[in-house]
Amino acid sequence: MAGEKKYVSQEELKEHNKPGDLWISIQGKVYDVTDWAKQHPGGDIPILNLSGQDATDAFIAFHPGTVWKHLDQFFSGHYLKDYEVSDVSKDYRRLASEFSKLGLFDKKEHTVIYALCFVVLMFAASIWGILGSNCFWVHMGSGALLGFAWIQVAYLGHDSGHYNMMTTRGFNKMAQILAGNCLTGISIAWWKWTHNAHHIACNSLDYDPDLQHLPMFAVSSNLFHSMTSRFYDRKLTFDPIARFMGSQHIGNPRVWTWFPLLISCLPNWTERVFFVLASFSVTSIQHVQFCLNHFAANVYVGPPKGNDWFEKQTSGTLDISCPTWMDWFHGGLQFQLEHHLFPRLPRCNLRKISHLVRDLCKKHNLPYRSLSFFEANVTTIKTLRAAAMQARDLLWEAVNTHG
């Protein structure tokens, strides 16, 4: 009969989950996004990871309402026969809709302007300290200021990667390149590639690149089984070196041209070395915070699933409690769960919605963890120590077995 709807089951949809054959379901309608995957502004990883299943909640999280009208061009002509929405997803979608009606995704207040002015002031003070003084301690203070400036620049880069923090998309792209490629030495394209994958597969040991730090860091004993990274498409080998080290830091090989020129203005190599150490030591505070938000949270093995979006975000994140006047220091990342659930929400609004997220977690008996900075450090260290102790036992076992 003409006009009769065509349906596919969940099992049939699962068969379309390979490169060259990518289908997804959004609100019960099935879309063929095979050709779109490579053009997708968020990269092909989110589509590859969520293909063959319903991805409504993830789509809502990452896309503004203006994008929905473009879906029709990918409609396969099929509907999902056994489409169901869990109570958690219903509440999550209702909350997202309410935030949109209130304009919270568009209200950025003056956070960006304040942050930009703060960054310019710190950069100017750091340069003045180097060029305008011969005092060793002024130079060290300038290095510390530069470190704090990098932290704030990274927060701005993070903001611009998730939503349009500037007046136009063109200015936003310019801000991304300036904050990432020019000032912090991080390719914004590389960051978006890995960061979107992290958000989609939050704390999946084999799909989330932010947890794949062998041979240096191991956040779970599951990594001791040499699992395959589905993101990097290589084996995370737990070899003798990994057993011995137990931790990793992935550095960025990009070299800034302006940074060597800046430190060359210092009078001698001793001050240059200490300046670099001072600036990098301050910047390391931000690396610690990145670890706190996820390392001590729950992990899992396997691909992300579209039907438990809310549950996976609550399980894999940890908030850092702090007073309002310290929000600048954390750059919005202290509300990690709120950010993961609503990544397009400007950071100035995360505190406003935190009580609603907390209530929703309580309603559905889901974890909402918020620890002080000190408590989060203790919890993270305990997590790493537990994995390290198991790695030590395996190392001794290997030594005793093979000599």
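Up top you'll find the structure we're talking about.
Residues numbered from 1 in each chain as written. Predicted model: local features only at pLDDT ≥ 70, side-chain atom pairs only at ≥ 80, totals over all residues. Heavy atoms only, no water.

So, the pattern of salt bridges
Part 1 of the reasoning: The final tally for this structure, using the stated rule, is 11 salt bridges.
Part 2 of the reasoning: Across the salt bridge formed by R93 and D57, the nearest N and O atoms sit 2.6 Å from each other. With R93 in helix α4 (residues 87–101) and D57 in helix α3 (residues 56–62), the pair connects residues that are 36 residues apart, well separated along the chain. As far as burial versus exposure is concerned, R93 and D57 are alike and both buried.
Part 3 of the reasoning: One salt bridge connects D159 with R347, and the closest N-O pair in it is separated by 2.7 Å. Remark: R347 occurs in the loop between α14 (336–341) and α15 (350–363) and D159 occurs in helix α6 (residues 136–162); sequence separation between them is 188 residues. Considered together, D159 and R347 belong to a single accessibility category, that of buried residues. (Salt bridge = Lys/Arg side-chain N within 4 Å of Asp/Glu carboxyl O. Helix = DSSP H or I, 4+ residues; strand = E, 2+ residues; numbered from the N terminus. Buried < 20%, exposed > 50% of the residue type's maximum accessible area, 1.4 Å probe, protein only.)

A few points about the environment of H78
Part 1 of the reasoning: Relative to the helices and strands, H78 is located in strand β5 (residues 75–80).
Part 2 of the reasoning: A residue is classified by how much of its surface remains accessible, and H78, at 18% relative accessible area, is buried.
Part 3 of the reasoning: Spatially, the C-alpha atom of H78 lies 9.7 Å from that of D32, the residues being 46 residues apart in sequence.
Part 4 of the reasoning: In this view, H78 contacts K6, Y7, V8, W23, K29 and V30; residues no more than four positions away in its chain are not counted. (Contact = heavy atoms within 4.5 Å.)

So, the packing of aromatic side chains
Part 1 of the reasoning: Inspection of the entire model under this criterion finds 20 aromatic pairs.
Part 2 of the reasoning: Aromatic side chains W150 and F280 sit 5.8 Å apart centroid to centroid with 55° between the ring planes, which places their arrangement in the tilted category. In this pair, W150 is assigned in helix α6 and F280 in helix α11 (residues 269–292), connecting sequence segments 130 residues apart.
Part 3 of the reasoning: Look at W150 and you get buried, because its relative accessible area is 5%. (Phe/Tyr/Trp six-rings, centres within 6.5 Å; stacked < 30°, edge-to-face > 60°.)

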